[in-house]
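What the coordinates show
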Amino acid sequence: MTVSIAARPYEFKLDPSRAAFVIIDMQRDFVEPGGFGAALGNDVSLLRTAIAPIGAVLSVCRAAEILVIHTREGHRPDLSDLNGAKHRRGRFATRIGDDGPMGRILIRGAEGHEIIPELFPEPGEPVIDKPGKGAFYATDLETILRGRGITQLILAGVTTEVCVHTTLREANDRGFECLVLEDGTASYFPEFHRAALEMACAQDGIFGWVAPSAAVISALQTGEVI
Ligand code: C5J
C-alpha cells in the first residue's frame with residue numbers, strides 16, 4: 001500500500017512498510033545555548049523552528065508504525081574517532097571535546113550530546129551515533145535499514161545543508177528514495193536552508209523530494225494528496 005504525498009518536484013509515493021523517518025542530530029549541542037553550534041558562533045534559536053514540525057510527523061509515524069531512527073553527531077570521550085582535520089577546523093577558542101556548559105562538547109555521554117527532550121527516542125527506536133556529518137559514514141545505519149527492508153527515507157533534523165544534506169546524498173547514492181521535510185529541517189543560515197532544499201529536488205529530483213510536514217501528515221492520516 002502506498003500513500004501519495006504532495007511534494008516537489010512531483011508526488012512522492014510512500015510505502016509506510018518500507019519507509020523510515022530519520023531524525024538527524026536534534027541534539028542539545030546544536031539547538032541549545034552552550035553547545036557545539038553556539039561554540040561556532042551561531043544563533044541556535046534559528047534551529048528551534050524545526051522542533052514542532054518534526055514532533056508532529058514523529059507522532060504520526062509512530063502511530064503508523066513507520067520505523068523511526070535518530071542520529072547523534074559526536075565522538076568517543078578519548079577522541080579516538082575524531083579525525084585531526086575535523087578537530088583542528090576553525091579558529092574558535094572552543095573545540096570538540098572541550099568543557100562547555102553542557103559538558104564536553106559533542107562527546108558521547110555529555111548532556112549536550114543528548115537528543116532534546118521534545119523529540120527523545122522511545123524504547124526500540126534505533127539511535128545511530130555518528131562521528132561524521134553523514135549518517136552512513138562509519139555507522140551501522142545501512143545494515144539496519146537493509147535488514148528491515150527499508151527503501152524510502154523521510155529525512156528531518158539539523159542542519160539542512162550539513163548533516164541532512166550529506167545524509168541525503170549518501171542515501172541517494174545507495175538507492176534509497178528520500179523525501180526531505182522542508183519545515184522539519186533548519187539551518188543557522190536561512191539562505192543555506194532554502195538553497196539546500198532547492199538543490200535536493202532540482203533537476204526533477206536529482207537527490208529526491210521535498211515536502212512540508214502538513215503534506216506528510218495529511219497523506220498518512222487520510223491516504224490522500226492534500
Ligand atoms: C553540523 C550537523 N552542522 N548536524 N552538524 O556541524 O549539521
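Conventions and cut-offs
- Residues numbered from 1 in each chain as written.
- Predicted model: local features only at pLDDT ≥ 70, side-chain atom pairs only at ≥ 80, totals over all residues.
- Heavy atoms only, no water.
- Helix = DSSP H or I, 4+ residues; strand = E, 2+ residues; numbered from the N terminus.
- Rg over C-alpha atoms; globule rule 2.2 N^0.38 Å.
- Buried < 20%, exposed > 50% of the residue type's maximum accessible area, 1.4 Å probe, protein only.
- Contact = heavy atoms within 4.5 Å.
- Areas by Shrake-Rupley, 256 points an atom, 1.4 Å probe, with all protein chains shown as cover.
- Lys, Arg positive; Asp, Glu negative; His and termini not counted.
- Charge placed at Lys NZ, Arg CZ, Asp CG, Glu CD.
- Pairing = 2+ DSSP bridges.
- Axes fitted to C-alpha atoms, helices over the stretch in contact; angles between N-to-C directions.
- Near = heavy atom within 4 Å.
- Polar contact = N/O pair within 3.5 Å; in protein donor to acceptor, adjacent residues only side chain to side chain.
- Nonpolar A, V, L, I, M, F, W, Y, C, P; charged D, E, K, R; others polar.
- Salt bridge = Lys/Arg side-chain N within 4 Å of Asp/Glu carboxyl O.
- Core = buried A, V, L, I, M, F, W, Y, C linked by side-chain atoms within 4.5 Å.
- Parallel < 35°, antiparallel > 145°, perpendicular 65-115°, else oblique.
- Left-handed = near helix turned anticlockwise from the far one by under 90°.

What follows concerns the overall build of the chain. Across its full length, the chain holds 8 helices and 10 strands. Radius of gyration (C-alpha) of the chain: 17 Å, near the 17 Å computed for a compact globule of 226 residues. With the C-alpha coordinates aligned to their principal axes, the bounding extent of the chain is approximately 50 × 35 × 30 Å. By the burial criterion, 51% of the 226 residues in the chain qualify as buried. If you take every contact in the chain between residues at least 6 apart in sequence, the share linking residues at least 24 apart comes to 73%. Of the roughly 9,900 Å² that the chain leaves accessible, carbon and sulfur atoms contribute 53%. Treating the 22 positive side-chain charges of the chain as one cloud and the 30 negative ones as another, the clouds have centres 6 Å apart.

With that settled, the discussion passes to the sheet that holds strand β3 (residues 19-24). Taken in spatial order, the 6 strands of this open sheet run β7-β4-β3-β8-β9-β10, and their pairing is parallel. The two strands at the open ends of the sheet, each matched to only one other strand, are β7 (127-130) and β10 (209-211). When the angles between neighbouring strand axes are averaged without regard to direction, this sheet yields 25°. Where strand β9 (residues 177-186) and β10 come together, 3 bridges link them in parallel fashion.

The subject of this paragraph is the site of the ligand. Taken together, Asp25, Phe30, Phe36, Glu73, Lys133, Val158, Thr159, Val162 and Cys163 make up the full set of residues near the ligand. One of the backbone N or O atoms of Cys163 is found 3.2 Å from an oxygen atom in the ligand. Burial of the ligand by the protein amounts to 93% of the accessible area it has alone, namely 230 Å². Broken down by class, the residue content of the shell around the ligand amounts to 5 nonpolar, 1 polar and 3 charged.

On to the pattern of salt bridges, then. Under the counting rule described, the total for this entry stands at 16 salt bridges. A salt bridge links Arg62 to Glu122, with the shortest nitrogen-to-oxygen separation between them at 3.7 Å. One end of the pair, Arg62, is in helix α3 (residues 51-63); the other, Glu122, is in the loop between β6 (103-104) and β7, with 60 residues separating them in the sequence. What makes Glu122 partly exposed here is its relative accessible area of 41%. Across the pair Arg146 and Glu142 runs a salt bridge whose closest N-O atoms are separated by 2.9 Å. With Arg146 and Glu142 both in helix α5 (residues 141-147), this residue pair falls 4 residues apart, about one helical turn. With relative accessibility at 42%, the residue Arg146 sits in the partly exposed group. Residue classification places Glu142 among the partly exposed positions, given a relative accessible area of 26%.

Now for helix α8 (residues 213-222). Burial within α8 is extensive, with 7 of its 10 residues counted as buried. In this structure, the buried residues of α8 make contact with β1 (3-5), β2 (12-14), α3, β8 (152-158), β9 and β10. Gly223 sits one or two positions beyond α8 and adopts a positive phi of about 75°.

Glancing now at the nonpolar core. One finds Ile5, Leu14, Phe21, Met26 and Leu179 to be the most contacted residues of the largest nonpolar core, which totals 46 residues. The leading source of residues in this core is α3, at 6 residues. In this structure, Leu14 is in contact with Met1, Thr2, Val3, Ile5, Ala19, Ile66, Gln152, Ile154 and Leu220, ignoring residues within four places of it in sequence. Judged by nonpolar contacts, the second largest core, of 25 residues, contains Ile24, Leu67, Leu155 and Phe176.

This paragraph deals with the packing of helix α6 (residues 160-173) against helix α7 (residues 190-205). Between α6 and α7, the least distance of the axes is 10 Å, while the angle of their chain directions is 15°. Judged by the inter-axis angle, α6 sits roughly parallel to α7. Both α6 and α7 take part in a crossing whose hand is left-handed. In contact with Thr160, Glu161, His165, Leu168 and Arg169 of α6, α7 contributes Phe192, His193, Ala196, Leu197, Met199 and Ala200. Among the residues forming the contact of α6 with α7, the class breakdown is 6 nonpolar, 3 polar and 2 charged.

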